[in-house]
Amino acid sequence: MKRVLFTPGPTEVPSEVLEAMARPLIHHRTDEYRQYFLETTRLMQEHLGTTQPALTLACSGSGAMEAAAVNLLSAGEEAIVVEGGKFGDRWRAICQAYGVTVHTVSVEWGRVATVEEVESALAAHPKAKVIFLTHSETSTGALFPIHDMARAAKKRGVATVVDAITSYGVYDLHFDRSDLDGVVWGSQKGMMIPPGLGFVCFSPRGWELVKESKLPKFYWNLAKARTALEAGDTPFTPAISLVLAARAAMLLLAAEGREKVFLRHQRNADATRQAVRALGLALFAEVPSNTLTAVTVPQGVDSGAVLKTMERRYGVKIAGGQDRLKGKIFRLGHIGYYDEGDISRLVQAFESALLDHGASITPGAGLRAAQESFRKSQASAAARVG
Ligand SMILES: *Cc1c(COP(=O)(O)O)cnc(C)c1O
């Protein structure tokens, strides 16, 4: 059976990327590797909209989060964490593990915090040095207004660091034009490659904080990584095959064009949401992200059984809820290598499995709505061009 991942990480990997990883290994202390590494870095910077160094680390996304935190802060310092899900809460856990005092702005999972709530926290905690945000909260499907929050933080001299692990490749972060001071992302989401790489990028202000930071670090010493990168090197052995995979993926994204990549994600998300609504189901997130569509499990439906049937009978792997949302939501991922045909397949499998498990939905309603959504966006694009 053909199996497809529609999970918000890991995501589908294009054949060009698989092929890059299958080639015989090359050594990393060679001009050939350095050239590939520098090219990959440049493509990632262009995609992020920055001229600042984008550092590649051998770790999953959480490692990049930890690396960012330990390079910006010192023990006993204060930070604000905005949390509305599992990943926002991870910033709190990382900071507290290193003795940083954390003030949290917590919102109910599925909701997004407002800029006003962030402004109040900034006013209440004038000693905070950094505010940690999550752009696309993958555990709930919600999208946070990070740019407005970063603007508020900057006014008070607080640096903003964003977990963009599921927004890199989906949204235009325009880093150099933004008020962000740090962004982290990972390989197995919008970059369309297997897990194992984490990335960090700091603004000039972020690099100033790096100089002051005294938290312990050895493998995560980003000042060293930055110096090494200037010569196309890394302080330690890089994950060579994954870097070559990243190069192949970034070449694909560059060939498609940034704007088109973002638009494709918008269309895929729109179509998925329309399908869900047409089935009479509810979107879980207050402000849904283009990364994934979280759907409230309808009453009387066993979500575990639906997930299993989708995977075993239809070859489509989606995600359920995590922690307190287990059994309460479905998470349909559409981040990365997906097109109109893929979304139709996702919707078809979702509908069929729901029907298999007795949900009262109209067969075909979701598919029809998705098709309609794609047709409308094509028509409006044609009208703009014509
Ligand atoms: C996947 C994800 C992470 C964690 O990344 P790992 O690669 O599992 O360490 C963190 N934040 C967000 C928003 C994510 O989607």
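Under the annotation held in an unreviewed UniProt entry, the protein carries the name Alanine--glyoxylate aminotransferase family protein and is attributed to Eiseniibacteriota bacterium. Entered under Sequence similarities (unreviewed entry) in the UniProt record, the comment concerning the protein runs "Belongs to the class-V pyridoxal-phosphate-dependent aminotransferase family." Its UniProt record gives the protein the following Cofactor (unreviewed entry) comment, quoted word for word: "pyridoxal 5'-phosphate".

Here we come to the packing of helix H5 (residues 115-124) against helix H6 (residues 146-155). In contact at an axis separation of 9 Å, H5 and H6 are set at 25° when each is read in the N-to-C sense. Comparing their axes, H6 and H5 come out roughly parallel. The interaxial crossing formed by H5 with H6 has right-handed handedness. Where H5 approaches H6, its residues Val115, Val118, Glu119 and Leu122 are matched on the opposing element by Asp148, Met149, Ala152 and Ala153.

Attention shifts here to the domain arrangement of the protein. Put simply, an interface is often sized by how much accessible area is lost when its parts join up. Taken domain by domain, the protein consists of domain 1 (15-256) and domain 2 (257-385). Computed from C-alpha coordinates alone, the two centres of domain 1 and domain 2 are separated by 28 Å. In this complex, domain 1 contributes 29 residues to the contact, which on the side of domain 2 involves 27 residues. Across the domain 1/domain 2 interface, buried area totals approximately 2,400 Å², and carbon plus sulfur atoms make up 54% of it. A per-residue breakdown of the area domain 1 buries against domain 2 is headed by Trp109, Val170 and Glu256, which together make up 27% of the total. The tally of links between domain 1 and domain 2 comes to four salt bridges. In this structure, Arg111 and Glu286 form a salt bridge, with 3.6 Å as the shortest nitrogen-oxygen distance. The tally of links between domain 1 and domain 2 comes to 17 residue pairs in polar contact (both at pLDDT 80 or more). Top element by residues in the side of domain 1 that touches domain 2 is helix H9 (residues 240-256). It accounts for four residues.

A word on the layout of surface pockets. Space inside the largest pocket adds up to approximately 310 Å³. What lines the largest pocket is a set of 18 residues, among which Glu12, Tyr337, Tyr338, Asp339 and Asp342 lie closest to the centre. Looking at the lining of the largest pocket, the elements that each hand over two or more residues are H9 and helix H12 (340-356). Its residues placed into classes, the lining of the largest pocket shows eight nonpolar, one polar and nine charged. When residues of the lining of the largest pocket are assigned to domains, at least three map to each of domain 1 (15-256) and domain 2 (257-385). Taken as a whole, the second largest pocket encloses approximately 240 Å³ of empty space. Taken together, 19 residues make up the lining of the second largest pocket; nearest its centre are Pro8, Gly9, Phe87, Gln188 and Lys189. Elements that contribute at least two residues to the lining of the second largest pocket include exactly helix H3 (61-72) and helix H4 (86-97). Its residues assigned to classes, the lining of the second largest pocket comprises four nonpolar, 11 polar and four charged. Mapping the lining of the second largest pocket onto the domain boundaries places at least three of its residues in each of domain 1 (15-256) and domain 2 (257-385).

Parameters at a glance
- Residues numbered from 1 in each chain as written.
- Predicted model: local features only at pLDDT ≥ 70, side-chain atom pairs only at ≥ 80, totals over all residues.
- Heavy atoms only, no water.
- UniProt positions renumbered as here; feature names shortened; annotations may be inferred.
- Axes fitted to C-alpha atoms, helices over the stretch in contact; angles between N-to-C directions.
- Helix = DSSP H or I, 4+ residues; strand = E, 2+ residues; numbered from the N terminus.
- Parallel < 35°, antiparallel > 145°, perpendicular 65-115°, else oblique.
- Left-handed = near helix turned anticlockwise from the far one by under 90°.
- Contact = heavy atoms within 4.5 Å.
- Domains from an automatic or database assignment.
- Buried area = accessible area lost by both parts, 1.4 Å probe.
- Salt bridge = Lys/Arg side-chain N within 4 Å of Asp/Glu carboxyl O.
- Polar contact = N/O pair within 3.5 Å; in protein donor to acceptor, adjacent residues only side chain to side chain.
- 1 Å grid on protein atoms, 1.4 Å probe; cavity = no way out; pocket = protein on both sides within 12 Å on 5 of 7 lines; lining within 4 Å.
- Points joined across faces, edges and corners; volume = space filled by probe spheres on them.
- Nonpolar A, V, L, I, M, F, W, Y, C, P; charged D, E, K, R; others polar.

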